[in-house]
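Take a look at the letters that make up each chain.
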Amino acid sequence: MSEEEKTEKNEEEEEEEKEKMKKEIVSKIMEELGLKGVSKRRLLEKLVEKFNYDEAKVRWAAKRAFITYRYAKMHEKGKE
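Just so we're clear, the structure is a prediction, and the values are computed from it rather than from any experiment.

1. Side note on the overall build of the protein chain
The number of helices and strands found in the protein chain is 3 helices and 0 strands. In terms of C-alpha radius of gyration, the protein chain reaches 18 Å, well past the compact-globule figure of 12 Å for 80 residues. The buried share among the 80 residues of the protein chain stands at 19%. Accessible surface computed for the protein chain: about 6,800 Å², of which carbon and sulfur atoms make up 49%.

The structure is reproduced here in structure tokens:
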């Protein structure tokens, strides 16, 4: 096996490991915050990538985002 093949294989393994870690973080946060749905999962996946797989930062950002969303929904209903 050449060096290039070894490097490519290692890169693929790293990508698989990151994907696995991302799914674990997203599932854990969704369970903790009681979230359901694909759109929320996609948002969390983007946050995981943005905050470089830091679970605490992702959780904080997600809480802020969903609190803001719920607040806006409440006030939207009140105006009707």
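Here the narrative resumes.
2. Quick notes on the pattern of salt bridges
Taken as a whole and assessed by the stated rule, the structure comprises 5 salt bridges. Between Lys-22 and Glu-19 there is a salt bridge; the shortest N-O distance is 3.7 Å. Within this pair, Lys-22 and its partner Glu-19 are both found in helix 1 (residues 3–33), separated by 3 residues, close to a single helical turn. Between Glu-55 and Arg-59 there is a salt bridge; the shortest N-O distance is 2.7 Å. You can see Glu-55 and its partner Arg-59 sitting in helix 3 (residues 55–79), 4 residues apart, about one turn around the helix. Classification of Glu-55 by relative accessible area gives partly exposed; the value is 21%.

3. Remarks on helix 2 (residues 38–50)
Between the first and last C-alpha of helix 2 there are 18 Å, a value that for 13 residues agrees with the 18 Å anticipated at 1.5 Å per step. Within helix 2 the residues assigned to the buried category are Leu-44, Leu-47 and Val-48. Mapping the buried residues of helix 2 onto a view down its axis gives an arc of 105°, with all of them on the same face. Away from its buried face by more than 90 degrees, helix 2 exposes Val-38, Lys-46 and Lys-50. Positive phi shows up at Asn-52, right after helix 2, with a value of about 55°.

4. A few points about the side chain of Lys-22
Judged by its relative accessible area of 7%, Lys-22 is buried. Setting aside residues no more than four positions away along its own chain, Lys-22 makes contact with Glu-45, Val-48, Glu-49 and Tyr-53.

5. Re the nonpolar core
In this structure, Ile-29, Leu-44, Leu-47, Val-48, Val-58 and Ala-62 are the most contacted members of the largest nonpolar core, which totals 13 residues. Elements that contribute at least two residues to this core include exactly helix 1, helix 2 and helix 3. With sequence-adjacent residues up to four places away left out, Leu-47 is seen in contact with Val-58, Ala-61 and Ala-62.

The rules we used
Residues numbered from 1 in each chain as written. Predicted model: local features only at pLDDT ≥ 70, side-chain atom pairs only at ≥ 80, totals over all residues. Heavy atoms only, no water. Helix = DSSP H or I, 4+ residues; strand = E, 2+ residues; numbered from the N terminus. Rg over C-alpha atoms; globule rule 2.2 N^0.38 Å. Buried < 20%, exposed > 50% of the residue type's maximum accessible area, 1.4 Å probe, protein only. Areas by Shrake-Rupley, 256 points an atom, 1.4 Å probe, with all protein chains shown as cover. Salt bridge = Lys/Arg side-chain N within 4 Å of Asp/Glu carboxyl O. Expected span 1.5 Å × (residues − 1). Arc of directions from axis to C-beta. Contact = heavy atoms within 4.5 Å. Core = buried A, V, L, I, M, F, W, Y, C linked by side-chain atoms within 4.5 Å.

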